[in-house]
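# Overview (structure and organization)
For reference, the chains in residue letters:
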Amino acid sequence: MKMFELIKDKISDFEKIVFVTGAGISQESGIPTFRGEDGLWRNYDAMKLATIDAFYEDPKLVWEWYNERRQNIFAAEPNPGHKAIAELEKYAKVVVLTQNIDGLHQKAGSSQVLELHGSIVKIKCTGCDFIGEIKTEFTEVPPLCKCGNILRPDVVWFGEQLPQDVWKNAMIHASECDLMVIAGTSLVVTPANTLPLYAKQNNAILIEVNPQETEMSSEMDLVVRNTSAISLPEFVSMFKK
Ligand code: NAD
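Not measured: the values here are computed from a predicted model.

Calculation notes
Residues numbered from 1 in each chain as written. Predicted model: local features only at pLDDT ≥ 70, side-chain atom pairs only at ≥ 80, totals over all residues. Heavy atoms only, no water. Near = heavy atom within 4 Å. Polar contact = N/O pair within 3.5 Å; in protein donor to acceptor, adjacent residues only side chain to side chain. Areas by Shrake-Rupley, 256 points an atom, 1.4 Å probe, with all protein chains shown as cover. Helix = DSSP H or I, 4+ residues; strand = E, 2+ residues; numbered from the N terminus. Nonpolar A, V, L, I, M, F, W, Y, C, P; charged D, E, K, R; others polar. Buried < 20%, exposed > 50% of the residue type's maximum accessible area, 1.4 Å probe, protein only. Pairing = 2+ DSSP bridges. Salt bridge = Lys/Arg side-chain N within 4 Å of Asp/Glu carboxyl O. Axes fitted to C-alpha atoms, helices over the stretch in contact; angles between N-to-C directions. Contact = heavy atoms within 4.5 Å.

### Concerning the site of the ligand
Around the ligand, the structure places 26 residues, and the nearest of them are R35, W65, H117, S186 and N210. Between Q99 and the ligand, the recorded distance is 3.0 Å, taken from a backbone N or O atom to an oxygen atom. Calculation on the ligand without its partners gives an accessible area of 860 Å², and the protein chains cover 92% of this total. For the shell around the ligand, the secondary structure elements donating two or more residues are helix 1 (46-49) and helix 3 (59-75). With three residues, the single largest contributor to the shell around the ligand is helix 3. Residues belonging to the shell around the ligand are distributed by class as follows: 10 nonpolar, 13 polar and three charged.

As structure tokens, this is what we get:
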């Protein structure tokens, strides 16, 4: 049976489709995921580098980690999974709620992308209100703001709040959709992992695309155990008929 056969007859009912994406959707673009072996960087646990305490303890180390990630991300191209989501805009109203900071959904052409955890190109000051974008690589890290304080990547680290305006809109989109496709996320990080529950309250159909089981797999209406670059083009092809 084809992967999405179960929802084939309902395609014309879906007015608003929300995608919730995580590191796994960019894995086939050559960007490692966080958890498991991939999450190790120079023998450091990537999970432990993503906190404000780790940053203040060794800002140079955390900056070096982000610089390497940024170079890897800039060299990466959207894969067929990102492109399929962008293409779906021709056939339905689509919103992407991503935990990724790599900008690949936008690069693929998606027009409505909410970055829940910030962006690898953005920076902010640890002291003043300055926020900006990295135009060229810093020769010395950590870089300093004009006010003298250290600049940091404008991403959401563990224990930090999501940008409230972005989160509020994400909850609204999740509550309004009639189909939610959850692709490439382990769904272990809150509050992003509550988004499927908002969709469920609206009686939306939930589809998980992930080669591995997640903690919320049992909540899904349909589980596709395959990679996003393989599954999502097939999903979108159903809308073209
Ligand atoms: P994750 O690494 O926890 O999970 C990735 C998921 O993708 C896994 O379930 C895996 O089975 C799946 N996957 C792997 N390859 C796939 C493929 N080709 N197609 C489809 N699925 C595939 O990533 P996450 O869920 O995005 O983590 C949530 C958030 O945790 C991150 O967005 C990030 O904000 C935060 N986090 C950040 C850091 C950091 O910045 N250093 C570190 C750890 C976690």
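### Side note on the pairing of strand 6 (residues 118-125)
By the criterion of burial, strand 6 is predominantly enclosed, with six of the eight residues buried. Where strand 6 meets strand 8 (residues 151-155), four bridges bridge the pair, whose relative direction is antiparallel. By the bridge assignment, I123 is partnered in strand 8 with P153. In this structure, strand 6 lies alongside strand 7 (residues 131-133), joined through three bridges in antiparallel fashion.

### With respect to the pattern of salt bridges
Taken as a whole and assessed by the stated rule, the structure comprises 13 salt bridges. Of the charged contacts in the structure, one is a salt bridge between K90 and E87, with a shortest N-O distance of 3.7 Å. Judged by its relative accessible area of 62%, K90 is exposed. On the accessibility criterion, E87 (26% relative accessible area) is partly exposed. R225 is the partner of E208 in a salt bridge, and the nearest nitrogen-oxygen pair spans 3.4 Å. Here R225 lies in the loop between strand 11 (222-224) and helix 8 (228-237) and E208 lies in strand 10 (residues 205-209), a separation of 17 residues in the sequence.

### A look at the sheet that holds strand 9 (residues 179-183)
Strand order in the open sheet formed by six strands is 5-4-1-9-10-11, and the pairing between neighbours is parallel. Looking at strand neighbours, the two that pair on one side only are strand 5 (113-115) and strand 11, the edges of this open sheet. Neighbour-to-neighbour, the strand axes of this sheet turn through a mean angle of 15°, independent of strand direction. For strand 10 and strand 11, the ladder comprises three bridges, and the chain directions are parallel. Note on strand 11: the bridge partner recorded for E208 is V223. Contacts between helix 6 (residues 164-176) and the sheet are confined to strand 1 (16-21), strand 4 (93-98), strand 5 and strand 9, with strand 5 contributing the most and set at about 135° to the helix.

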